[in-house]
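Each chain, written out:
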Amino acid sequence: MRKAFAVMTTVAVASLGVIVPATSAQAADCRNARDGADSGSMYAYDSANCIGFLGKAAGDDLNWGDSTLAFQGGDSNKATSILNNGNNYEVKFYSGTGGTGGHICLSRTERWASNLSDDTFTSGVTVNNAISGHAWSSASNCSKWAV
């Protein structure tokens, strides 16, 4: 009787995992980060799914590697996910500083790119861990979009 009860309990607990997914699986995108984001700002994160906050900016920062604006020294070439909570513009991300190199844009309607490893800049370089700056831009100035 005890063995049968133990087996039934084990099966019940194991099947519960199938019915009720883990919290991390429910938050496997940037939805939670977007819900808490300041209006008018863009965000960058060190890991996929908007985890590992690197920084946020309401204005342009064309050099994430310097120590003058929103993004500082070690933030350059570290972003793996990005979020756009802007009100009027898209965000144009650059592979080089000063708005140079290839670019990729993130629209306000897309809102986030939860894993940049499958995106490339207009130059063909992978975006993941390669963003060096950003600027707010109109959609007409964007020729490539993050997915």
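Described below are features of the structure shown in this document. (Residues numbered from 1 in each chain as written. Predicted model: local features only at pLDDT ≥ 70, side-chain atom pairs only at ≥ 80, totals over all residues. Heavy atoms only, no water.)

A few points about unusual backbone geometry
Even without being glycine, Asn49 reaches a positive phi, approximately 65 degrees. Checked against the element boundaries, Asn49 lands in the loop between strand E1 (41-47) and strand E2 (51-57). (Helix = DSSP H or I, 4+ residues; strand = E, 2+ residues; numbered from the N terminus.)

Section: the state of the cysteines
Evaluated as defined, the whole model comprises two disulfides. With a sulfur-sulfur separation of 2.0 Å, Cys30 is cross-linked through a disulfide to Cys50. Here the S-S torsion is close to 90 degrees, and the disulfide linking Cys30 with Cys50 is therefore right-handed. Here Cys30 is found in the loop between helix H2 (23-26) and helix H3 (31-35), whereas its partner Cys50 is found in the loop between E1 and E2, with 20 residues between them in sequence. There is no split in this pair, since Cys30 and Cys50 are both buried. Each sulfur in the disulfide pair Cys105 and Cys142 lies 2.1 Å from the other. Here Cys105 and Cys142 share a disulfide; its torsion about the S-S bond, -85 degrees, makes the bridge left-handed. Highlighted residues: Cys105 in strand E5 (residues 103-106) and Cys142 in the segment after strand E7 (133-137), separated in sequence by 37 residues. On the basis of relative accessible area, Cys142 is assigned to the buried category, the value being 10%. In the protein chain, the bonded cysteines, taken in the order they occur along the sequence, pair up as 1-2, 3-4. (Disulfide = S-S within 2.5 Å. Buried < 20%, exposed > 50% of the residue type's maximum accessible area, 1.4 Å probe, protein only.)

Focus on the sheet that holds strand E4 (residues 90-94)
The strand order across the open sheet built from three strands is E5-E4-E7, with neighbouring strands paired in antiparallel fashion. On the outer flanks of this sheet lie E5 and E7, each paired with one strand and no other. Across the sheet, the mean angle from the axis of one strand to that of its neighbour is 25 degrees, orientation sign disregarded. In terms of strand pairing, E4 meets E5 through four bridges, oriented antiparallel. In the strand pairing of E5, Tyr94 is matched with His103. (Pairing = 2+ DSSP bridges. Axes fitted to C-alpha atoms, helices over the stretch in contact; angles between N-to-C directions.)

Let's talk about the pattern of salt bridges
Side chains that differ in charge, positive against negative, can pair when their charged atoms come close. Summed over all chains, the structure comprises three salt bridges. In this structure, the salt-bridge partner of Glu90 is Arg108, at a minimum N-O distance of 3.4 Å. Separated by 18 residues along the polypeptide, Glu90 in strand E4 and Arg108 in the loop between E5 and strand E6 (112-113) bring together distant segments of the chain. Using a relative accessible area of 32% as the deciding quantity, one classes Arg108 as partly exposed. (Salt bridge = Lys/Arg side-chain N within 4 Å of Asp/Glu carboxyl O.)

Details of the sheet that holds strand E3 (residues 81-85)
The strand order across the open sheet built from four strands is E2-E1-E3-E6, with neighbouring strands paired in antiparallel fashion. Either end of the sheet is taken by a strand with one partner, and the two such strands are E2 and E6.

Considering the packing of aromatic side chains
Inspection of every chain in the model, using the stated rule, returns five aromatic pairs. A centroid spacing of 6.3 Å and a plane angle of 10 degrees characterise the contact between Tyr43 and Tyr45, whose relative ring orientation is stacked. Each member of the pair Tyr43 and Tyr45 is classed as buried. Geometrically, the ring pair formed by Tyr45 and Phe53 is edge-to-face, given 6.2 Å between the ring centres and 70 degrees between the ring planes. A residue is classified by how much of its surface remains accessible, and Tyr45, at 5% relative accessible area, is buried. An aromatic cluster of at least three residues, connected via ring pairs, comprises Tyr43, Tyr45 and Phe53. (Phe/Tyr/Trp six-rings, centres within 6.5 Å; stacked < 30°, edge-to-face > 60°.)

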